[in-house]
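Take a look at the letters that make up each chain.
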There are 2 protein chains.
Amino acid sequence: MGVLFNPKTVALVGASSDPDKLGSHTLKSLTGGEFSGKIFPVNPKGGMMMGLEAHVSLKEIPDPVDLVVIIIPAQWVLGVVKDCIEIGVKGIVMITGGFKEVGDENGTHLQEQIAELANGAGIPIIGPNTFGILNRGIGMNASFSPDFSAAKKGNVAIVSQSGGVTHVIGYMAMRNNVGLGKIMGLGNRCNIDFADALDFLMQDPDTKVIAMYMEGMDNPRQLIETAQRHRGRKPVVVLKSGSAAQSNEASLSHTGTLAGSHEIYAAGLRQAGILCVNSVEEMVDAVKILDAAPLWDGINTAIVSGQAGPAIIACDALERNGLAVLPFNKSLQSKINDILPPLTMRSNPVDLGPAWYQLKLFKGITEVICEDDDIAAILLVIVLGEGNKHFIKGISAMLSDLSERKPVVGCFVFPSTEWDKDVAAIEEASAFVSYPSPERAAGALANLCLARKIKATIE
Amino acid sequence: MGVLFNPKTVALVGASSDPDKLGSHTLKSLTGGEFSGKIFPVNPKGGMMMGLEAHVSLKEIPDPVDLVVIIIPAQWVLGVVKDCIEIGVKGIVMITGGFKEVGDENGTHLQEQIAELANGAGIPIIGPNTFGILNRGIGMNASFSPDFSAAKKGNVAIVSQSGGVTHVIGYMAMRNNVGLGKIMGLGNRCNIDFADALDFLMQDPDTKVIAMYMEGMDNPRQLIETAQRHRGRKPVVVLKSGSAAQSNEASLSHTGTLAGSHEIYAAGLRQAGILCVNSVEEMVDAVKILDAAPLWDGINTAIVSGQAGPAIIACDALERNGLAVLPFNKSLQSKINDILPPLTMRSNPVDLGPAWYQLKLFKGITEVICEDDDIAAILLVIVLGEGNKHFIKGISAMLSDLSERKPVVGCFVFPSTEWDKDVAAIEEASAFVSYPSPERAAGALANLCLARKIKATIE
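This structure is a prediction, so every number in the text was calculated from the model and none was measured.

Caption draft 1: Expanded view of empty space enclosed by the protein. All names here are of chain B. Applying the stated criterion across every chain, the model contains three cavities of 30 Å³ or more. What the largest cavity holds in volume is close to 40 Å³. Lining the largest cavity are Met-202, Ala-227, His-230, Arg-231, Gly-232, Lys-234, Val-236, Ala-272, Gly-273 and Ile-274. A class-by-class count of the residues in the lining of the largest cavity yields five nonpolar, three polar and two charged.

Caption draft 2: Just unusual backbone geometry, in detail. In this chain, A:Gly127 is followed by A:Pro128 through a cis amide linkage whose omega measures 0°. Locating A:Pro128 in the fold gives a position in the loop between β7 (125-126) and β8 (132-135). For B:Asn177, which is not glycine, the phi dihedral falls at a positive 60°. Non-glycine residue B:Arg189 carries a positive phi angle of around 50°. Along the chain, the position of B:Arg189 falls in the loop between β11 (180-185) and α6 (194-203). On the accessibility criterion, B:Arg189 (6% relative accessible area) is buried.

Caption draft 3: Inspection of the pairing of strand β9 (residues 140-143) of chain B at higher detail. All names here are of chain B. The alternating pattern of β9 places Met-140 and Ala-142 on one face and Asn-141 and Ser-143 on the opposite face, and all of these are buried. Of the pairings in the sheet, the one linking strand β8 (residues 132-135) to β9 comprises four bridges and is antiparallel in character. In the sheet register, Ile-133 faces β9, and the bridge partner there is Ala-142. In sequence, β8 turns back onto β9 through a hairpin of four residues, with Gly-139 there showing a positive phi of about 70°.

Caption draft 4: Representation of the sheet that holds strand β10 (residues 153-160) of chain B within the structure. All names here are of chain B. Pairing in this open sheet of seven strands is mixed, and the strands run β9-β8-β11-β10-β12-β13-β14 from one edge to the other. On the outer flanks of this sheet lie β9 and β14 (275-277), each paired with one strand and no other. Looking at each pair of strands side by side, their axes are set apart by 20° on average, direction ignored.

Caption draft 5: View of the relation of the copies chain A and chain B. By a simple turn and slide, chain A fits onto chain B: the slide is 0.0 Å along the axis, the RMSD is 0.0 Å, and the turn is 180°. Put plainly, the chains are arranged around a two-fold axis. Nearest to the rotation axis, the C-alpha of A:Thr417 is located 4.2 Å from it, this being the minimum over chain A. Interface overlap between copies: 100% of the residues of chain A at the interface are likewise at the interface in chain B, consistent with a symmetric, same-surface contact.

Caption draft 6: Helix α6 (residues 194-203) of chain A, seen in detail. Residues and elements named next belong to chain A. Among the ten residues of α6, seven are classified as buried, and the element is accordingly described as predominantly covered. Of all the residues in α6, the buried ones are Phe-194, Ala-195, Ala-197, Leu-198, Phe-200, Leu-201 and Met-202. The secondary structure elements touched by the buried residues of α6 are α1 (2-5), β10 (153-160), β11 (180-185), β12 (209-214), α7 (220-229) and β13 (236-240).

Caption draft 7: Highlighting the interface of chain A and chain B. With 67 residues of chain A at the interface, the matching set in chain B holds 67 residues. Both sides of the chain A and chain B interface together cover about 4,800 Å² of buried area, and 62% of this is carbon and sulfur. For B:Glu281, the salt bridge is made with A:Arg440, and the minimal N-O distance between the two is 3.2 Å. For the side of chain A that touches chain B, the element with the most residues is helix α11 (residues 308-320) of chain A, which contributes nine residues. Its residues assigned to classes, the side of chain A that touches chain B shows 31 nonpolar, 23 polar and 13 charged.

Caption draft 8: Focus on the pattern of salt bridges. Under the definition given, this model contains 42 salt bridges over all chains. One salt bridge in this structure joins A:Glu371 and A:Arg405, with 3.8 Å as the shortest N-O distance. Placement of the pair is A:Glu371 in helix α13 (residues 359-371) and A:Arg405 in the loop between α14 (391-402) and β18 (408-413), with a sequence separation of 34 residues. Looking at A:Arg405, the relative accessible area reads 42%, which means it is partly exposed. A salt bridge links A:Asp420 to B:Arg175; the nearest nitrogen and oxygen atoms lie 2.5 Å apart. Of the two residues, A:Asp420 sits in helix α15 (residues 420-429) while B:Arg175 sits in helix α5 (residues 163-175), which places them in two different chains. A:Asp420 sits in the partly exposed class, given a relative accessible area of 28%.

Caption draft 9: The arrangement of the packing of aromatic side chains in detail. Residue and element names in this part refer to chain A. In this structure the tally under the stated criterion is 14 aromatic pairs over all chains. Centre to centre, the rings of Phe-5 and Phe-200 are 5.6 Å apart; their planes meet at 5°, and the pair counts as stacked. Remark: Phe-200 occurs in helix α6 and Phe-5 occurs in helix α1; sequence separation between them is 195 residues. Among the residues examined, Phe-200 registers a relative accessible area of 17% and is labelled buried. With 6.2 Å between their ring centres and 80° between their planes, Phe-131 and Phe-144 make a pair best called edge-to-face. Of this pair, Phe-131 sits in the loop between β7 and β8 while Phe-144 sits in the loop between β9 (140-143) and β10, and the two are 13 residues apart along the sequence. Accessibility expressed as a relative area gives 23% for Phe-144, which makes it partly exposed. Aromatic ring contacts, followed pair by pair, group Phe-131, Phe-144, Phe-148 and Tyr-171 into a single cluster.

Thresholds applied
Residues numbered from 1 in each chain as written. Chains lettered and ligands numbered in written order. Predicted model: local features only at pLDDT ≥ 70, side-chain atom pairs only at ≥ 80, totals over all residues. Heavy atoms only, no water. 1 Å grid on protein atoms, 1.4 Å probe; cavity = no way out; pocket = protein on both sides within 12 Å on 5 of 7 lines; lining within 4 Å. Points joined across faces, edges and corners; volume = space filled by probe spheres on them. Nonpolar A, V, L, I, M, F, W, Y, C, P; charged D, E, K, R; others polar. Helix = DSSP H or I, 4+ residues; strand = E, 2+ residues; numbered from the N terminus. Buried < 20%, exposed > 50% of the residue type's maximum accessible area, 1.4 Å probe, protein only. Pairing = 2+ DSSP bridges. Axes fitted to C-alpha atoms, helices over the stretch in contact; angles between N-to-C directions. Least-squares fit on C-alpha atoms with pLDDT ≥ 70 in both. Contact = heavy atoms within 4.5 Å. Buried area = accessible area lost by both parts, 1.4 Å probe. Salt bridge = Lys/Arg side-chain N within 4 Å of Asp/Glu carboxyl O. Phe/Tyr/Trp six-rings, centres within 6.5 Å; stacked < 30°, edge-to-face > 60°.

This is the structure in structure tokens:
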């Protein structure tokens, strides 16, 4: 599968210069994403497209072609697959729909024929009925969504059965400053299924965290066995839909597979060391922390806040998520009392009170907490307005040092999205991650803790 | 209490021109928020501050003073309260801290003395130990947070025991395009408690939805009786903290009251017709829909989406939240089949498939669904990239019409925050509200449904 993500040459069959067509969107993705390999548009009419000369067929391309992206009507796809085999391509991304998902015999039969041919030739096919694939690491965007080329480069992989959900997860990840690596829409899974994708990504050195969205599987046992085999190697976060009665039927018409018994799937996935989440937001929050923060032992979390109320909310949320907020041990408490004047809450949670305005005290407190072995992680709640937003710089310097030693998550609260880039810069420069609410920060920490427990079972 | 929010004249005792002092932030709030009344800075040193002449004491102000904001050290506050009584002010906002929340006898005694004096004179006091109050409707910002003056004007009131949490809720509301009206930090609740605030806001014509954050109450019975008396009149959304063991102790030091038994409080609040939420995000999502959308009967929700996967996620989330996604009745299904070609899911949820690119079909489908009596609400999932973001305009025109008739909530998914303002414009022009994920849209709809049920009990 590696060649799918690291081709030297890519051909796009169905390339178009009509801006209303997916063939044009996909060409824009390929040409606009810093990909350094060669790109060959293919269109029977030939002509120039986005500065490239279109070839009338695959066979007319002078160079060897590694990857072929197909985006032409279903009835012509079989012929193109035969051409692919003839010229020796190494992988296919089949964006075209109209196969098994339609639910009629023709579509299913056509898909089976394609799979048989490709399997015979040893060619992996992503799709059909996929939005495409990406490798942000090398700037290759072989999908119909040029927007993904603006994603921050990183080590989170997304594997999804649904193109739509890939966009919901991926776009939310982009808005939350998550670094993305390999993204793939599996679509109808002609010969590449979740198990293949998982097996590949577990061994891929550029992937640190794997996010998967699934509706149904033809072969759940294979996935669970694969997950079991790689258990604890890298965190895998799964969002599995189909708990509702109507969802199940909808899944069938969507990608040709019943979602199946939701509870049985979920139990099987959990046993195989997979983190199961309940929403897109929880998934994005989880992969963000799993990508950035060090794994940690224990559940005891220290809360440091400039305000008492938000700290109390964080405290509730941590306990609700199975983590603990315990009073500090005597030695730590006395160190904090040496730094922080009375007046405010000095136990766990710590309310910095007036010390909030003195970065030196803030730093001192956070440091002694970080050094204490009883504390597994730190949650910071920081509310800033125009009058004190200049603190961000000082806080940033403090966090870059601390967050490498222990998980430090934050909840930065601003009145406007304008300052989010300042927090993104802190995230860029450190292992610190921030969330828009205390509850989301607590939820992410809980998933980080769970990932540590899963890893511990193989140590 | 009305005069607190509609003063003609406001004096700020402790006004300062030192940008590091709260007295300066508060003067900035007062002068920067479109307030058309007169503002009198008071500072024993006199001088000019932000273009206004400071008076050396309250008694030197030539005009009658309606509202006095106090932000001087605690030991001088009693004297100022006596001055307030002498010159006949109608309300006080006491930002100063250092009273009951400190936990010593002196602070408690001082607060009691102040309360006694004010009660004798019939003067309502917000605080002490509050961040202040706002009335966005008239642009009055009597708080130390000038940033709140940028909030969209609207009909959501926020009442909070914690200034920090007011900022977490308020700033999140601002970032989610929620229109705010009256905001008040109750602080130590010297003589204005939750029950007073609730009673006032229930009768305030400019308030449509009430959001409250509470830790503990000296007199929960009074609040619950007040809520019961106004039950169903307006939606009240409460976030109550203190479920965790450590939270309870923290609350005591924060605002001088134990959070109390969380479960007993929550049960009492629910019985009194209050919507209890579990997170800041759920609160903001709830007040947004309660402010904008019409209340509705029934739980059956139609999902219309441009992509199948996100629709399936929405379906799961709706059912998990106690709503239903049922197959359409025969008549509605046949109307949809007349508009939408086969190939995609045409039952509930509807996957528009290629019709997604034809606004006329999209509109036709959404309209026949909206007209059907079996359908209580509509959830739209709309994923847009650079290539099709021009649809927003057409979708906007469609939604402004439909959303007045039935609740129509959406989940617009974009790769960048840049386009959020386009969705905000739709929200501005209609009763439509949008959320960043299908799950959050479903959660908000569930709270809207619950509010309808509470209202029904008094009809």
